[in-house]
Amino acid sequence: QVQLVESGGGLVQAGGSLTLSCVASGSFFRIDAVYWYRQAPGRQRDLVASITEGGIADYADSAKGRFTISRDNAKNTVYLQMNSLKPEDTAVYYCKNSIRRWPWRVDDYWGQGTQVTVSS
């Protein structure tokens with residue numbers, strides 16, 4: 001099986017920074033694309049950033065210029081560095097990995113989420 005564990009969330013003041021990590025463990029062939037989502041209470045889960053297996057990143061407009069997604073394939077880890085945090089960034093952040101367990105099969109896996117709270 002595959003498990004994803006997010007960490008790095010916490011409470012920060014507006015303007016502060018946090019770096020989230022998402023570590024994949026288990027049996028799989030490789031990690032393809034990775035996505036960071038966030039969800040605030042009563043709201044839908046929104047895509048924040050993504051990165052391809054080759055390291056090409058994309059961001060939601062709300063994250064551009066402030067967030068950076070990166071990956072360390074040797075560690076099966078993806079990071080989301082968040083700078084200049086705003087209260088509206090408050091949410092539970094989830095990583096989703098598209099994992100190729102076998103050469104012919106790709107499945108999506110979700111982490112349990114990590115809480116980010118930004119105070120004003």
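Residues numbered from 1 in each chain as written. Predicted model: local features only at pLDDT ≥ 70, side-chain atom pairs only at ≥ 80, totals over all residues. Heavy atoms only, no water.

Engineer: In this structure, what is going on with the pairing of strand 3 (residues 18-26)? I would like to understand it.
Structural biologist: Within a regular beta strand, the side chains point alternately toward one face of the sheet and then the other, so they alternate between its two faces. As paired strands, strand 1 (residues 2-7) and strand 3 are joined by six bridges and run antiparallel to one another. Counterpart to Glu 6 in the pairing with strand 3 is Cys 22. Summarising the sheet, strand 3 and strand 8 (residues 77-82) pair through six bridges and their orientation is antiparallel. Within strand 8, the position partnered with Thr 19 by the bridge is Gln 81. (Pairing = 2+ DSSP bridges. Helix = DSSP H or I, 4+ residues; strand = E, 2+ residues; numbered from the N terminus.)

Engineer: Looking at this structure, I do not really get unusual backbone geometry. What am I missing?
Structural biologist: Leaving glycine aside, a negative phi is the common case for residues, and trans is the common case for peptide bonds. Phi at Asn 76 takes a positive value of approximately 50 degrees, unusual for a residue other than glycine. Along the chain, Asn 76 turns up in the loop between strand 7 (67-72) and strand 8. The phi angle at Ser 84 is positive, at roughly 50 degrees, despite the residue not being glycine. Along the polypeptide, Ser 84 turns up in the loop between strand 8 and strand 9 (91-102). A relative accessible area of 41% places Ser 84 in the partly exposed class. (Buried < 20%, exposed > 50% of the residue type's maximum accessible area, 1.4 Å probe, protein only.)

Structural measurements only, silent on function.
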